[in-house]
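Structural features, examined
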Amino acid sequence: MLKIWGRPYSSNVIPVIWTAAELGLDYHLELAGGSFGKLDTDDYAQINPNRMIPSIQDGDFALWESRAIIRYLCERYGAGSLYPDDIKTRAIADQWMEWCGTRAFAPVIQAFFATVRTEPDQRDPALIKKHQHDAAEVLPLLDAHLKHQRYVAGDTFTMADIPLGTVAYRYYNIDIERPSLPNIEAWYATLCDRPAYQQHVMRFFGSTPEQWKALELASGR
Ligand SMILES: N[C@@H](CCC(=O)N[C@@H](CS)C(=O)NCC(=O)O)C(=O)O
């Protein structure tokens, strides 16, 4: 059975779990990282020498880096659906997955850390505003792209929607100001109708570090 190492509230682990769920894979989530520990063992270093999450073991094959894992799972188990057959569609999917990693992920996740993951009395309004501004600068590109198609790589849901869709849930559920991005909002609404998204991405994450930690710990019980 596929084994996923990570914790279900981690921004990089969520898209891997969501991918496995979209593909209907039977998987075991080995809770690791954060309060669950396990990353500093010799056994884990064999799987991921970075000692980070997520990692997977598929039989005797181990892999790390969330977007590489998503591509691997989609190619192996979702060829022709989540992993587009057409080489150009697949390249466009890849392009937007990389864009998520290089452009969209950081400002949104940093805004998440500056709010939910920081004690209310230690929050820095200027820093929050900076991340809010950076996200608002970057996301209109995706909004313009989504004007003419339902999903990131065309008119069907593919692997390209997964990293960005994970970031979108964070973006729309933290206490920041957002510009109107009607095409992203429409795409995000379609994701919210997907059962696997509801189950693995749309997790209430609280609004303080304490709440966040309690929710994550409870997920391991
Ligand atoms: N580029 C890596 C980043 C991995 C990463 O930053 N993982 C974080 C969690 S989101 C981690 O392992 N942190 C240590 C921990 O959770 O204990 C990926 O996409 O997989």
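Structure shown above.
Here we summarise the structure given alongside this text.

The rules behind each value
Residues numbered from 1 in each chain as written. Predicted model: local features only at pLDDT ≥ 70, side-chain atom pairs only at ≥ 80, totals over all residues. Heavy atoms only, no water. Near = heavy atom within 4 Å. Polar contact = N/O pair within 3.5 Å; in protein donor to acceptor, adjacent residues only side chain to side chain. Areas by Shrake-Rupley, 256 points an atom, 1.4 Å probe, with all protein chains shown as cover. Nonpolar A, V, L, I, M, F, W, Y, C, P; charged D, E, K, R; others polar. Pairing = 2+ DSSP bridges. Helix = DSSP H or I, 4+ residues; strand = E, 2+ residues; numbered from the N terminus. Buried < 20%, exposed > 50% of the residue type's maximum accessible area, 1.4 Å probe, protein only. Right-handed = clockwise from strand over helix to strand, strands pointing away. Contact = heavy atoms within 4.5 Å. Axes fitted to C-alpha atoms, helices over the stretch in contact; angles between N-to-C directions. Parallel < 35°, antiparallel > 145°, perpendicular 65-115°, else oblique. Core = buried A, V, L, I, M, F, W, Y, C linked by side-chain atoms within 4.5 Å. Domains from an automatic or database assignment. Salt bridge = Lys/Arg side-chain N within 4 Å of Asp/Glu carboxyl O.

1. What to know about the site of the ligand
With respect to spatial proximity, the complete set of residues near the ligand consists of Arg7, Ser10, Asn12, Gly33, Gly34, Leu39, Met52, Ile53, Pro54, Glu65 and Ser66. Between the ligand and the protein, one listed contact pairs an oxygen atom with a backbone N or O atom of Gly34 at 2.7 Å. Burial of the ligand by the protein amounts to 72% of the accessible area it has alone, namely 500 Å². Within the shell around the ligand, the residues separate by chemical class into four nonpolar, five polar and two charged.

2. Here we look at the pairing of strand S3 (residues 55–58)
Relative to S3, strand S1 (residues 2–6) runs antiparallel, the two being bridged by three bridges. Paired with Trp5 across the two strands is Ser55, which belongs to S3. Hairpin connection of S3 to strand S4 (residues 61–64): two residues between the antiparallel strands, including Gly59 at a positive phi of 65 degrees.

3. Looking at the environment of Ser180
Mapped onto the elements of the fold, Ser180 is located in the loop between helix H6 (161–171) and helix H7 (182–192). Residue class for Ser180 comes out exposed when judged on its relative accessible area of 62%. Taking the C-alpha atoms as reference points, Ser180 and Asp143, 37 residues apart in sequence, are found 9.6 Å from one another.

4. Some details on the pairing of strand S2 (residues 27–31)
Here S1 pairs with S2 via five bridges, running parallel. Bridge assignment links Trp5 to a residue of S2, and that residue is Glu30. Remark: the S1/helix H1 (residues 14–22)/S2 crossover connection has right-handed handedness.

5. Looking at the side chain of Thr190
Note that Thr190 resides in helix H7. A relative accessible area of 18% means that Thr190 is categorised as buried. In contact with Thr190, not counting residues within four places along its chain, are Arg150 and Tyr151.

6. Some points on the packing of helix H5 (residues 125–145) against H7
Relative orientation of the contacting elements H5 and H7 amounts to 70 degrees, with a least axis distance of 7 Å. Judged by the inter-axis angle, H5 sits roughly perpendicular to H7. On H7, the residues touching Leu139, Leu142 and Asp143 of H5 are Pro182, Asn183, Ile184 and Trp187. By residue class, the composition of the contact of H5 with H7 is five nonpolar, one polar and one charged.

7. Re the sheet that holds S1
With respect to topology, four strands assemble into an open sheet ordered S2-S1-S3-S4, the strand pairing being mixed. Since the sheet does not close on itself, it has two edges, and those belong to S2 and S4, each with one partner. Taken over all neighbouring pairs, the strand axes of this sheet differ in orientation by 20 degrees on average, direction set aside. Strand contacts of H1: S1, S2 and S3, with the helix running at about 160 degrees to S1, the strand carrying the most contacts.

8. Focus on the nonpolar core
With 69 residues, the main nonpolar core has Ile56, Leu73, Leu142, Leu164, Trp187 and Tyr197 as its most contacted residues. Of the residues that make up this core, three or more belong to each of domain 1 (2–77) and domain 2 (87–211). Apart from the residues within four sequence positions on either side, Leu73 is in contact with Leu2, Val16, Thr19, Leu23, Leu25, Ile56 and Gly78.

9. Brief notes about the pattern of salt bridges
Under the counting rule described, the total for this entry stands at eight salt bridges. The residue Glu22 makes a salt bridge to Arg194 at a minimum N-O spacing of 2.9 Å. Of this pair, Glu22 sits in helix H1 while Arg194 sits in the loop between H7 and helix H8 (195–200), and the two are 172 residues apart along the sequence. Where Arg71 meets Glu98, a salt bridge forms, and the shortest distance between an N and an O atom there is 2.7 Å. With Arg71 in helix H3 (residues 66–77) and Glu98 in helix H4 (residues 87–114), the pair connects residues that are 27 residues apart, well separated along the chain. With a relative accessible area of 18%, Arg71 lands in the buried category. Within this structure, Arg67, Arg71, Asp94 and Glu98 form a network of salt bridges that share partners.

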